[in-house]
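The chain contents come next:
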Amino acid sequence: MRGIPGFKRLRLKIWRRCTLLLLLLLWAACWLVVSALLFVLHRSVFSERCTDEKSHRILARLCLDYSSGALTGDLCEDLCVAQKLVYKHCLYYDRGKKVIQADWRGQPIILKSKKEIFSSYQHLSMLEEVETQDIPETELLLMVALEVKNVLGLELSNNSMGPLWTRKKGPRWKAQVASMWSLLQQEEYIYFSLLQDFSKHVLRIIGSCGHFYAVEYLTAGHAWHKTLFPLENVVGPSLAGHRSRVRAIIDIALSFLDMVQHFDNDFSHRLHLCDIKPENFAIRHDLTVVAIDVDMAFFEPKMRDILEQNCTGDEDCNFFDCFSKCNLKIRKCGAQRANNNLQVICDKIFRRWFSPNLRGPLVSLPLQLQLQKAVQECAEPGHVDAAGHQRTLKSLSELYHLLRVTQRELQRAE
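So, here is what we can say about the structure in this document. Being a predicted model, the structure only gives us computed values, none of them experimental.

**With respect to the nonpolar core**
Then step 1. Of all hydrophobic cores here, the largest spans 88 residues; its most connected members are Leu-152, Phe-256, Phe-281, Phe-350, Trp-353, Phe-354 and Leu-399.
Then step 2. Two domains each donate at least three residues to this core, and these are domain 1 (47-217) and domain 2 (220-413).
Then step 3. Aside from chain neighbours lying at most four places away, what touches Phe-354 is Ile-249, Ile-250, Ala-253, Leu-371, Gln-372, Val-375 and Leu-403.
Then step 4. By size, the runner-up hydrophobic cluster in this structure holds 24 residues, among which are Ile-58, Cys-63, Leu-71 and Tyr-93.

Pasting the structure below:
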């Protein structure tokens, strides 16, 4: 009888080990099933890998649609017939967006489209209902204005539609209208087109073919780069020295401040940048800062619509780099942005440049410390009131002054 308790303990140990083994096997089986389901459901994500083969296939399909008369554009002939627009390599695919580098008559350019295939864009039903030639141009302009309002939240008059409406009636009129309509469904294209003649801080549009549009080629910045932007690619190997790099950084910082002032004051509505990082900017040879990715840029009317959401706390009112405050009484986010472009640029760009590890003998230590302190104060979150606005203006003015003084010190040191 004494052996029975020992036998029970042994059975209990075996049962526990069997249970643990079964649980492990069950967990492994579930993991395999879930992984398989995720692969099946999201295989489109895996197929988004950027390859030369797929890029050639995309452009071949574009040319096939051009030859059939479905689409047109001022670059189609060079791409599909004359071979003066030549594919170089794929840059990236991101959530359907295709970005391809090409060479156009010896000039490097970037081809962009939000979607891969022309037929994926919303079709303009009016093209089938009536003869395209019979559609009054005033009616087409009205449709363009309505689409811009839908996409950007802006009211445009007919005489400000020039950059978006350059088509003329001709043998390919139907294809022209269809191509225009596919481009108007791409926010970035609208931004670049509308701001062409008003801002040096956005990419220049070179032309289009169907739903693909071409912009100037500029090398984007990278967070991992020591100076955030590959300065040697901008003005050549002369920037190899420390003095030249520091001087270039000061000039670029001043251009960032010019861009902030410009986007805040020079349009009918303030332009908010909600995704500020080096990868979304590039530097021209004259050291001008250029916004090269504006998928997350919004004019004030659209920004207010985005921010004004239900909330239980301030964290619910964060939209990437654009923040608002939660009104707990009505549980609604404020429509007005609490931070601003300058604050985010100071936080994500200037902190990297004007930190202790970038100090050197080229600029006096007191000036370096002043600049570092000004950047730290500028990067602090603001407030939605007059005092917050005044603090932003003070930061902007102080940074301008300190950067100009730094420029003069560097010039005297040469």
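**With respect to the sheet that holds strand β2 (residues 97-104)**
Hydrogen bonds along the backbone pair up the strands of a sheet, which may run parallel or antiparallel.
Then step 1. Ordered in space as β1-β2-β3-β5-β4, the five strands form an open sheet in which the pairing is antiparallel. Every interior strand has two partners, whereas the edge strands, β1 (85-94) and β4 (205-209), have only one. Going from strand to strand, the sheet's axes swing by 25° on average, the running direction of each strand aside.
Then step 2. Relative to β2, β1 runs antiparallel, the two sharing eight bridges. Note that in β2 the partner of Tyr-93 across the bridge is Lys-98.

**Considerations on unusual backbone geometry**
Backbone phi values are negative for most residues with the exception of glycine, while trans is the configuration of most peptide bonds.
Then step 1. For Leu-228, which is not glycine, the phi dihedral falls at a positive 70°.
Then step 2. For Leu-228, a relative accessible area of 0% translates into the label buried.
Then step 3. The backbone of Arg-331 shows a phi angle near 50°, a positive value even though the residue is not glycine.
Then step 4. As for its placement among the helices and strands, Arg-331 is situated in the loop between β12 (326-327) and β13 (332-333).
Then step 5. On the basis of relative accessible area, Arg-331 is assigned to the partly exposed category, the value being 47%.

**A closer look at the side chain of Glu-300**
Then step 1. With respect to the helices, strands and loops of the structure, Glu-300 is situated in helix α11 (residues 300-307).
Then step 2. On the basis of relative accessible area, Glu-300 is assigned to the buried category, the value being 17%.
Then step 3. Among the polar contacts listed, one links the side chain of Glu-300 to the side chain of His-272, at a separation of 2.6 Å.
Then step 4. The residues touching Glu-300, leaving out its near neighbours within four places in the chain, are His-269, Arg-270 and His-272.

**What about the packing of aromatic side chains?**
Then step 1. In the structure shown here, the tally under the stated rule is 14 aromatic pairs.
Then step 2. Look at Phe-256 and Phe-350: their rings are 6.2 Å apart centre to centre, the planes differ by 85°, and that puts the pair in the edge-to-face class. Here Phe-350 lies in helix α12 (residues 341-353) and Phe-256 lies in helix α10 (residues 242-265), a separation of 94 residues in the sequence. Both residues of the pair, Phe-256 and Phe-350, belong to the buried class.
Then step 3. Judged by centre distance (6.0 Å) and plane angle (80°), the rings of Phe-267 and Phe-299 are edge-to-face. Residue Phe-267 is found in the loop between α10 and β6 (271-273), and its partner Phe-299 is found in strand β9 (residues 297-299); the two are separated by 32 residues along the sequence. One exposure class covers both Phe-267 and Phe-299, and it is buried.
Then step 4. Cluster of aromatic residues (ring-pair linked, three or more members): Phe-229, Phe-256, Phe-281, Phe-350, Trp-353 and Phe-354.
Then step 5. Lying across the ring of Tyr-93, Lys-98 places its NZ or CZ 5.0 Å from the centre.

**Notes on the environment of Leu-124**
Then step 1. Residue placement: Leu-124 occurs in the loop between β3 (107-113) and α5 (126-129).
Then step 2. For Leu-124, a relative accessible area of 8% translates into the label buried.
Then step 3. Each residue touching Leu-124, except ones within four places of it in the same chain, is listed here: Met-143, Val-177 and Trp-181.

**Considering the environment of Glu-147**
Then step 1. Looking at where Glu-147 falls in the secondary structure, it is placed in helix α6 (residues 137-152).
Then step 2. Through-space distance from the C-alpha of Glu-147 to that of Leu-184 is 7.0 Å; in sequence the pair is 37 residues apart.
Then step 3. Ignoring sequence-local partners within four residues, the contact set of Glu-147 consists of Trp-181, Leu-184 and Gln-185.

**Section: helix α8 (residues 187-195)**
Then step 1. When you tally the buried positions in α8, you get eight out of nine residues, the bulk of the element.
Then step 2. Looking at α8, one finds that the buried residues are Glu-188, Tyr-189, Ile-190, Tyr-191, Phe-192, Ser-193, Leu-194 and Leu-195.

**So, the state of the cysteines**
Then step 1. On inspection of all chains with the given rule, the structure shows seven disulfides.
Then step 2. Disulfide pairing places Cys-274 opposite Cys-322 at an S-S distance of 2.0 Å. Measuring the twist about the S-S bond at about -100°, one finds the Cys-274-Cys-322 disulfide to be left-handed. Here Cys-274, found in the loop between β6 and β7 (281-283), pairs with Cys-322, found in strand β11 (residues 322-323); they are 48 residues apart in sequence, far enough to count as distant. Summarising the burial analysis for this pair, Cys-274 and Cys-322 share the class buried.
Then step 3. The partner cysteine of Cys-317 in its disulfide is Cys-333, sulfur to sulfur 2.1 Å. Between Cys-317 and Cys-333, the S-S torsion sits near -90°, and that sign places the bridge as left-handed. Taken as a pair, Cys-317 in the loop between α11 and β10 (318-319) and Cys-333 in strand β13 lie far apart in primary sequence, 16 residues in all.
Then step 4. Taking relative accessible area as the criterion, Cys-317 reaches 3% and is therefore assigned buried.

Definitions and limits used
- Residues numbered from 1 in each chain as written.
- Predicted model: local features only at pLDDT ≥ 70, side-chain atom pairs only at ≥ 80, totals over all residues.
- Heavy atoms only, no water.
- Core = buried A, V, L, I, M, F, W, Y, C linked by side-chain atoms within 4.5 Å.
- Buried < 20%, exposed > 50% of the residue type's maximum accessible area, 1.4 Å probe, protein only.
- Domains from an automatic or database assignment.
- Contact = heavy atoms within 4.5 Å.
- Pairing = 2+ DSSP bridges.
- Helix = DSSP H or I, 4+ residues; strand = E, 2+ residues; numbered from the N terminus.
- Axes fitted to C-alpha atoms, helices over the stretch in contact; angles between N-to-C directions.
- Polar contact = N/O pair within 3.5 Å; in protein donor to acceptor, adjacent residues only side chain to side chain.
- Phe/Tyr/Trp six-rings, centres within 6.5 Å; stacked < 30°, edge-to-face > 60°.
- Lys NZ or Arg CZ within 6 Å of the ring centre and 35° of its normal.
- Disulfide = S-S within 2.5 Å.

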